[in-house]
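Listed below are the residues making up each chain.
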Amino acid sequence: MASNVQLSETSSPRNQKNRPTAEKEEVDYMQRAQWLRAALLGANDGLVTVASLMMGVGSIKEDVKAMLLVGFAGLVAGACSMAIGEFVSVCTQRDIETAQMKRAIENKTSLSAIDEQEEEEKKERLPNPGQAAIASALAFSVGAAMPLLAAVFIENHKVRMVVVAVVATIALVVFGVTGAVLGKTSVAKSSVRVVIGGWMAMALTFGLTKFIGSAAMQI
């Protein structure tokens, strides 16, 4: 009798509403990582490339037009390069995974219904080259546009340089936090890694740009 009461209670609509949300579909972070990696990589590259080029040129010549021209050229060239590179890279990855799946199927004499379902799920999880290329190009453009927009409205050269550096640092922190939140990883570790890596890349690009530009002006 007691068991019947328990069954009726667990099957009641009120208890069904109070059940844990375990039945909800879990987020596939492996699949999310495909476009998240491409997007964050593109945004970081765009920001670091354009910001360092602008500061490098700005350290040689106090001309806002020259800074913006170099930054815009870096945006267009970088976005195209990122899109093509990401497309080729992901196509290669997809071809390798597809070939591996075919070899695995050929090694099996017969496939059960469960095996066929697993194979279909694997095919759905294959990386999408077009999606990765578009995400990379758009992300690069967004990242590259930040220092451009920060510099275009400032007339004082020294203030412009400082603003570009500050905006680049804030954007790097935002990119790190965004990637950690969407990927469910450590926010602090991700932010520190992105900021330090970004500043190292900007310092190297800035130094080389200033050195080459100064040497070219002396010739």
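Thresholds applied
- Residue numbering note: each chain is counted from 1, following its sequence as written.
- Residue-level local features of this predicted model are given only where pLDDT is at least 70; pairs of side-chain atoms are given and counted only at 80 or more, and the full residue set underlies all totals for whole chains, interfaces and linings.
- Excluding hydrogens and water, the side-chain figures rest on all heavy atoms present in the structure.
- Secondary structure follows DSSP: runs of H or I at least 4 residues long count as helices, runs of E at least 2 residues long count as strands, and numbering of each begins at the N terminus.
- Here, residues are in contact when the closest pair of their heavy atoms is within 4.5 Å.
- Exposed residues in this analysis have more than 50% of their type's maximum accessible area, buried residues have under 20%, and partly exposed residues fall in between, with area computed by a 1.4 Å probe over protein chains only.
- Identification of polar contacts relies on pairs of N or O atoms within 3.5 Å, with a donor-acceptor requirement for protein atoms, meaning one able to donate a hydrogen and the other able to accept it, and with residues adjacent in sequence counted only if both atoms are side-chain atoms.
- Convention adopted: a line fitted to C-alpha atoms gives each axis, helices being fitted over their contacting stretch, and angles between N-to-C directions are expressed from 0 to 180 degrees.
- Between 65 and 115 degrees an angle is taken as roughly perpendicular, under 35 as roughly parallel, over 145 as roughly antiparallel, and anywhere else as oblique.
- Crossing chirality is assigned from the near helix's rotation relative to the far helix, an anticlockwise turn below a right angle marking it left-handed and a clockwise turn marking it right-handed.
- Nonpolar side chains (Val, Leu, Ile, Met, Phe, Trp, Tyr) within 5 Å and like charges within 9 Å form the patches, drawn only from residues with over 30% relative accessible area and no salt bridge.
- Here the Shrake-Rupley method, with its probe set to 1.4 Å, supplies the accessible areas, and only the displayed protein chains count as covering residues.
- Salt bridge, as applied in this entry: a Lys or Arg side-chain nitrogen positioned within 4 Å of an Asp or Glu carboxyl oxygen.
- UniProt positions are given in the numbering used here, feature names are shortened, and annotations may be inferred rather than shown by experiment.
- Expected helix span is given by 1.5 Å per residue-to-residue step, counting one fewer step than there are residues.
- The predictor attaches a confidence to each residue, called pLDDT, with possible values from 0 through 100.

Description of the overall build of the chain
- Within the chain one finds eight helices and zero strands.
- When the helices and strands of the chain are listed from N to C terminus, the series reads α-α-α-α-α-α-α-α.
- Across the chain, the fraction of contacts at a sequence separation of at least 24, relative to all contacts at a separation of at least 6, is 79%.

Focus: the side chain of Arg-160
- Relative to the helices and strands, Arg-160 is located in helix H7 (residues 157-183).
- The exposure class of Arg-160 is buried, given its relative accessible area of 3%.
- One polar contact links Arg-160 to His-157, side chain to side chain, over a distance of 3.1 Å.
- With residues up to four places along the chain from it excluded, the contact list for Arg-160 reads Val-64, Met-67, Ala-151, Ile-154 and Glu-155.

A look at the packing of helix H6 (residues 129-152) against H7
- Here H6 crosses H7 at 150°, and the two axes come no closer than 9 Å. In this view, H6 runs roughly antiparallel relative to H7, as classed from their interaxial angle. Along this stretch, H6 crosses H7, giving a crossing that reads as right-handed. Packed against H6, whose contacting residues are Gly-143, Met-146, Pro-147, Ala-150 and Ala-151, the element H7 presents Arg-160, Val-163, Val-164, Val-167, Ala-171 and Phe-175 at the interface.

What to know about a nonpolar patch on the surface
- The grouping of Val-162, Val-166, Ile-170 and Val-174 at the surface amounts to a nonpolar patch, some 340 Å² of accessible area in total.
- Its location among the elements puts Val-162 in helix H7.

Re the UniProt feature "transmembrane region" (unreviewed entry) in the chain
- Look at the UniProt record and you will see "transmembrane region" (unreviewed entry) annotated at residues 35-54, 66-84, 132-154, 161-182 and 194-213.
- Regarding residues 132-154, the helix share stands at 91% and the strand share at 0%, and the terminal C-alpha atoms are separated by 35 Å.
- Segment residues 161-182 splits into 100% helix and 0% strand. End C-alpha atoms: 32 Å apart.

Describing helix H4 (residues 64-106)
- For H4, spanning 43 residues, the distance from its first C-alpha to its last is 62 Å, which sits close to the expected 63 Å at 1.5 Å a residue.
- If you check which residues of H4 are buried, you get Ala-66, Met-67, Gly-71, Gly-74, Leu-75, Gly-78, Ala-79, Met-82, Ala-83, Glu-86, Val-90 and Met-101.

Description of the confidence of the model for the chain
- Considering every residue of the chain, the mean pLDDT works out to 77; 74% of them sit at 70 or more.
- Confidence scores differ between elements of the chain, with helix H1 (residues 2-10) showing the lowest mean pLDDT of 46 and H6 the highest of 88.
- Considering only residues more than four positions removed or in separate chains, one finds that residues 1-24, a stretch of pLDDT under 50, has five contacts.

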